[in-house]
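Overview (structure and organization)
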Amino acid sequence: MWRETMRIPGRPPTFPWRERNRFELLPQGSRYLPAMLQAIEDARAQVALEAYWFASGAVADRFVQALADAARRGVRVLLLIDDYGSSDLESSDRRRLTSAGVVLARFNPLRVRLGWGNLVRDHRKLLLVDDRLAFVGGAGLADPFDGADGWRENMLRIEGECVADWWALFHRVWRRWSEVECPQPAARPAGGTRGRALAGGPGPWRPVLAAALADIARARERVWLVTPYFLPPMKLRRALARARRRGCDVRLLLPDAAHCDVPAVQAAGRRYYDWLLRRSIRVFEYGDRMLHQKVLLTDGRATLGSCNFDRWGLRWNLEANQALQGGPIVDAVAGMLAADFERCREVTFAEYERRSWSERLREAFWSWVDAAAARAAQRRLVHEERISRRDG
C-alpha cells in the first residue's frame, strides 16, 4: 500500500539565472499583504496561489474575498493549499471560494495509511498574477502575519523572466492534484537584475541546500543566515565554519525561546550553539516577536523564500526560494538584516555555558527526539528512493 500512496516525485526542476528581472523587497505584513491583494484585484487573465498556511481569520477573509471577486469577473483562479498546513481554513471559506468559481486543490491529503508519507508537505508560498507578477517568500495567509507588528517575515515582488519559471514550477505540482488546466505564460522581461528560481522537494535532490553551500563557499566577506528553525545538516555547519576560518563575518539570526512558535525545535537547535560558538560563529537571538523569515546573505548574493534551514525543510518539503545577485535589491536585504541584528541579543559562549540544568535537560531531550524521528524518516525515505529508481 505504501508504494501506491507515497512516491518520490522526482528531481525538482533546475532553473538558470535570468538576467532581466525587477525585484522589490516587502518586509512585514503591513507591506506585502496589501501589495498581494492589490495584485489580485488588478489580475486580468489568471491567478495562481500556492499556500502552506491558509487559516481562517481576518487575513484569510480578505484573500478569500479578493480571489472570489477575481473569479467572478472572469479571471481563472487556481488555489493549491497544503492539506495539513491549511487545515484551519474553515469549510465556510472553502465554499465561498468554490461557489465563486475558484478551483481549489489540496496537496497530499492526510491519510492514516500513508504513514510517514504524510510528512511530505507543500511548504511553498507563491502568488502568481498573469504573466506580470510573482510574490515569493515565507508568509502564511494567517492573522499572526498581519500588520507592522506581526511575525517578522518578508515577501519579494517579482517582475521579469523569473515569473515564467515560477509558473512552470506551479504547473508541475498543480497537474498532479487537479485536472483543471493551468496555462503557462511565456517570459516577459523587465528590469536588469539577475535572479534564479530555486525549488526544493522530497528526495535526495536538495537544490536549495546545494545553492546555499555554493554561495557560502564563494563568500569572502560575510555570511548572514536567518532561519526560524535551525536543525542544520553537517554539511551546512562545516560550510559555515570554513567561511569563518577564511575571515568572513559569519552570523546566525535565530528566534529566542520566549517567541518561537515551536519551542521543542528551538530547544533542539540550541544544542548546536556550543559547536558554533567554539568556532567563532556569532549567534543572535531575536526577541522582539516571532522570527519567521528565511534569508541567506553572502557578499553580493541573497536568497529569500520558504525553506527553513533544517533537515525537515531541506529533505521533505516542497520549497520555493528566490536567489538574487547584485544591484539595489541585495543592498536592501543587507540593510534590512542589519536593522534586524540591532534588535537582537548576541549569545556569548560564557552565557551559554551558564544555562540552567533544566535548560540543558530540555535541549538534550528534544535533541534525542529530533534525532530519533530523523533516523526513522530517513530510513523510509531511502526505501522510497530505491523503489523510485528501480521503477523509474
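The structure this text deals with has already been given above.
Described below are features of the structure shown in this document. Within each chain, residues carry numbers counting from 1 in the order of the written sequence. Only residues with pLDDT of at least 70 are given local features in this predicted model, and only at 80 or more are side-chain atom pairs given and counted; all residues enter the totals for whole chains, interfaces and linings. Side-chain figures throughout are based on the complete set of non-hydrogen atoms in the structure, without hydrogens or water.

**Considerations on the layout of surface pockets**
Considering only enclosed or pocket space, the largest pocket measures out at about 880 Å³ in volume. Detection works on a 1 Å grid of protein atoms alone, calling trapped sets that fit a 1.4 Å probe cavities and calling open sets with protein on both sides within 12 Å along at least five of seven lines pockets, with lining residues defined by an atom within 4 Å of a point. Taken together, 31 residues line the largest pocket, and the ones lying closest to its centre are Tyr52, Tyr84, Val262, Val265 and Trp312. Each residue gets one label: Ala, Val, Leu, Ile, Met, Phe, Trp, Tyr, Cys and Pro are nonpolar, Asp, Glu, Lys and Arg are charged, and the others, such as Gly, are polar. Residue composition of the lining of the largest pocket, grouped by class: 18 nonpolar, eight polar and five charged. Grid points are joined across faces, edges and corners, and a volume is the space filled by probe spheres set on the points.

**Some words on helix H3 (residues 58–72)**
Where helices and strands are cited, they refer to DSSP runs of H or I of at least four residues and of E of at least two residues respectively, numbered from the N terminus. In a helix, the anticipated span is given by 1.5 Å times the number of residues less one. Helix length check: H3, at 15 residues, gives a terminal C-alpha distance of 21 Å against a target of 21 Å (1.5 Å per residue), a fit within 8%. Contacts were defined at the residue level, with two residues in contact if any of their heavy atoms lie within 4.5 Å. As for H3, its buried residues are in contact with helix H2 (29–42), strand S2 (46–51), strand S3 (76–82) and helix H4 (91–100). A positive phi of about 100 degrees marks Gly74, the residue just after H3.

**Structural notes on the packing of H3 against H4**
Orientation is described by axes fitted as lines to C-alpha atoms, over the contacting stretch for helices, and by angles from 0 to 180 degrees between their N-to-C directions. Their axes nearest at 8 Å, the elements H3 and H4 cross at an angle of 15 degrees. The orientation of H3 relative to H4 falls into the category roughly parallel. Viewed along their axes, H3 and H4 form a crossing whose handedness is left-handed. Residue-level contacts link Asp61, Val64, Gln65, Leu67, Ala68, Ala71 and Arg72 of H3 to Asp93, Arg96, Leu97 and Ala100 of H4. Taken together, the residues of the contact of H3 with H4 break down into six nonpolar, one polar and four charged. Note that the term roughly parallel is reserved for angles under 35 degrees, roughly antiparallel for angles over 145, roughly perpendicular for angles of 65 to 115, and oblique for everything else. Left-handed is the label given to a crossing in which the near helix is rotated counterclockwise from the far helix by less than a right angle, and right-handed is the label when the rotation is clockwise.

**Regarding the pattern of salt bridges**
Between side chains of opposite charge, a pair can form as their charged atoms come close. Salt bridge, as used here, is a side-chain nitrogen of Lys or Arg placed within 4 Å of a carboxyl oxygen of Asp or Glu. By the definition in use, this model includes 29 salt bridges. Measuring nitrogen to oxygen at the nearest pair gives 4.0 Å for the salt bridge that ties Glu50 to Arg124. Taken together, the positions of Glu50 in strand S2 and Arg124 in the loop between strand S4 (103–107) and strand S5 (126–129) put the pair 74 residues apart, joining distant regions of the chain. The same class applies to Glu50 and to Arg124, which are both buried. A salt bridge links Arg289 to Asp288; its shortest N-O distance comes to 2.7 Å. Connected through shared salt-bridge partners, Arg270, Glu285, Arg345, Glu351, Arg355 and Glu363 make up one network. The buried label goes to any residue with under 20% of its type's maximum accessible area, the exposed label to any with over 50%, and the partly exposed label to all in between, with areas taken from a 1.4 Å probe on protein chains only.

**Some details on the environment of Gly300**
Here Gly300 is to be found in the loop between strand S12 (295–298) and strand S13 (301–305). Given the relative accessible area of 36%, Gly300 is considered partly exposed. Separated by 79 residues in sequence, Gly300 and Glu221 have C-alpha atoms that sit 9.5 Å apart. Apart from the residues within four sequence positions on either side, Gly300 is in contact with Leu324, Gln325, Gly326 and Val330.

**Considerations on the side chain of Asp122**
Looking at where Asp122 falls in the secondary structure, it is placed in the loop between S4 and S5. Working convention for charge: Lys and Arg count positive, Asp and Glu count negative, and His plus the chain ends are omitted. For the buried Asp122, no salt bridge exists, and the shortest N-O distance to an oppositely charged side chain is 4.6 Å, to Arg124. A polar atom in the side chain of Asp122 sits 3.1 Å from the backbone nitrogen of Arg124. Setting aside chain neighbours within four positions, we find Asp122 in contact with Glu50, Tyr52, Leu80, Asp82, Phe107, Val173 and Leu318. Contacts described as polar in this section are N or O atom pairs within 3.5 Å, which, within protein, must combine one atom able to donate a hydrogen with one able to accept it, while residues neighboring in sequence count only if both atoms come from side chains.

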